[in-house]
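# Secondary and tertiary structure notes
The lines below spell out each chain.
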Amino acid sequence: MKFRGFRQYFSAARVNRYLVATGNSTSRAVKLYKANLKTSQTFHPLLGVFEVVLRNRLNDILTSHFTDPDWIINQKTGFMSDPSLRFTYKRTGLQKTNDFLKREINKAEKRLQKTRTPITSGKIIAEQTLGFWTDLFEVHHYRLLKGKPIQIFHSLPPGHGRKEVNDELDKVRRFRNRINHNEPICFNGNTIDFTETLEVHESIINLLTWIDPEIIKLISDIDKVKKTIERAEKI
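Residues numbered from 1 in each chain as written. Predicted model: local features only at pLDDT ≥ 70, side-chain atom pairs only at ≥ 80, totals over all residues. Heavy atoms only, no water.

## A word on the overall build of the chain
Selection rule: Working definition: helices are DSSP H or I runs of at least four residues, strands are E runs of at least two. Numbering for both runs from the N terminus. Throughout, exposure labels follow a simple rule: accessible area from a 1.4 Å probe, protein chains only, divided by the maximum for the residue type, with under 20% read as buried, over 50% as exposed, and the rest as partly exposed. Contacts were defined at the residue level, with two residues in contact if any of their heavy atoms lie within 4.5 Å. Positive charges come from Lys and Arg, negative ones from Asp and Glu, while His and the chain ends are left out of the count. Charged side chains are reduced to one point each, which is NZ for Lys, CZ for Arg, CG for Asp and CD for Glu.
Counting secondary structure elements, the chain contains twelve helices and four strands. Across the 235 residues in the chain, those meeting the buried criterion constitute 40%. When contacts within the chain are restricted to residue pairs at least 6 apart in sequence, long-range pairs at least 24 apart make up 65% of them. Counting 40 positive and 26 negative side-chain charges, the chain places the averaged centre of each group 8 Å from the other.

## Some details on the environment of Arg28
Residue placement: Arg28 occurs in helix 3 (residues 26-66). On the basis of relative accessibility, which here comes to 31%, the residue Arg28 falls in the partly exposed class. For the pair formed by Arg28 and Tyr18, sequence separation is ten residues and the distance between their alpha carbons is 8.3 Å. If near-sequence neighbours (up to four positions away) are discounted, Arg28 is found in contact with Thr22, Ile192 and Ile235.

## Notes on the side chain of Glu168
For Glu168, the position within the fold is in helix 9 (residues 162-180). If we skip the residues at most four places from it in the chain, Glu168 touches Ser203, Asn206, Leu207 and Trp210.

## Thoughts on the packing of helix 1 (residues 3-10) against helix 3
Definition in use: Note on definitions: angles span 0 to 180 degrees between N-to-C directions of axes, and those axes are lines fitted to C-alpha atoms, for helices only across the stretch in contact. Note that the term roughly parallel is reserved for angles under 35 degrees, roughly antiparallel for angles over 145, roughly perpendicular for angles of 65 to 115, and oblique for everything else. Helix crossings fall into two classes, left-handed where the near helix is turned counterclockwise from the far one by less than a right angle and right-handed where it is turned clockwise. Only Asp, Glu, Lys and Arg are considered charged in this grouping, and only Ala, Val, Leu, Ile, Met, Phe, Trp, Tyr, Cys and Pro are considered nonpolar; every other residue, Gly among them, is considered polar.
Running from N to C, helix 1 and helix 3 point in directions that differ by 40°, and their axes come no closer than 11 Å. Taken together, the axes of helix 1 and helix 3 are oblique relative to one another. Judged by the twist between their axes, the crossing of helix 1 over helix 3 is left-handed. Where helix 1 abuts helix 3, its residues Phe3, Phe6 and Phe10 lie against Thr26, Ala29, Val30 and Tyr33. A breakdown of the residues in the contact of helix 1 with helix 3 according to their chemical character gives six nonpolar, one polar and no charged.

## Section: a nonpolar patch on the surface
Heads up, the rule is: Residues forming no salt bridge and having over 30% relative accessible area are the ones grouped into patches, like charges within 9 Å of each other and nonpolar side chains (Val, Leu, Ile, Met, Phe, Trp, Tyr) within 5 Å. Using a 1.4 Å probe, accessible areas were evaluated by the Shrake-Rupley method; residue-level cover was limited to the displayed protein chains. Whenever a carboxyl oxygen of Asp or Glu lies within 4 Å of a side-chain nitrogen of Lys or Arg, that contact is scored as a salt bridge.
A surface patch of nonpolar side chains, about 410 Å² in accessible area, is lined by Met1, Tyr9 and Phe10. The class for Met1 is exposed, based on a relative accessible area of 74%.

## Points about the environment of Ile150
Looking at the element boundaries, Ile150 is found in the loop between helix 8 (139-144) and helix 9. For Ile150, a relative accessible area of 16% puts it in the buried group. For the pair Ile150 and Pro45, spaced 105 residues apart in the sequence, the C-alpha separation amounts to 24 Å. Dropping the residues within four chain positions of it, Ile150 is found in contact with Phe137, Tyr142, Leu156, Gly161, Arg162 and Val165.

Structure representation (structure tokens):
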């Protein structure tokens, strides 16, 4: 495909940034665009493993905490509806309720109902986004859960707690959203720079290590992030 067609299909606004970063070399711009896609691709297995491990460990901890394998459904009227989640804006006096978790479960139930799929806790858990699980580490829900979510991390470094874990989780969640929306992850401004991307990779490795270092050994043969970036940086 000629570059003119490439730019037409992928939009000038998107492609021009790659042109600027490669000194207006059309061939290098296309290579960089593909390298960005390949780098995003290498993250999907790691993110998939991370999400499954995170949600399963949190489900185990909260099932034990509530002594209820159906906590994710039953707690819609429990901690997810706690009065402390209602607050008033000082400036306007308007009241609002932080019902994000409950809303996400309701959405999942409606999706299952549309496809006439039986509503079970397992199905609801599988339907939840990464944002649902990371929200359990935000102060408001974390307090209501009496700090139970942190217990999935058996190998936290000294001095690390909810805030440090939440910061790493937030970094990973935001990055996941970026690659799912096909946003570039190879720039700092208009310069080719994978520094931030490598930092997110480190955050994923940190979080999995804090849960169980053995997980890192399990995924070592599918982690191609650094090698893919090394090739991309040579463009």
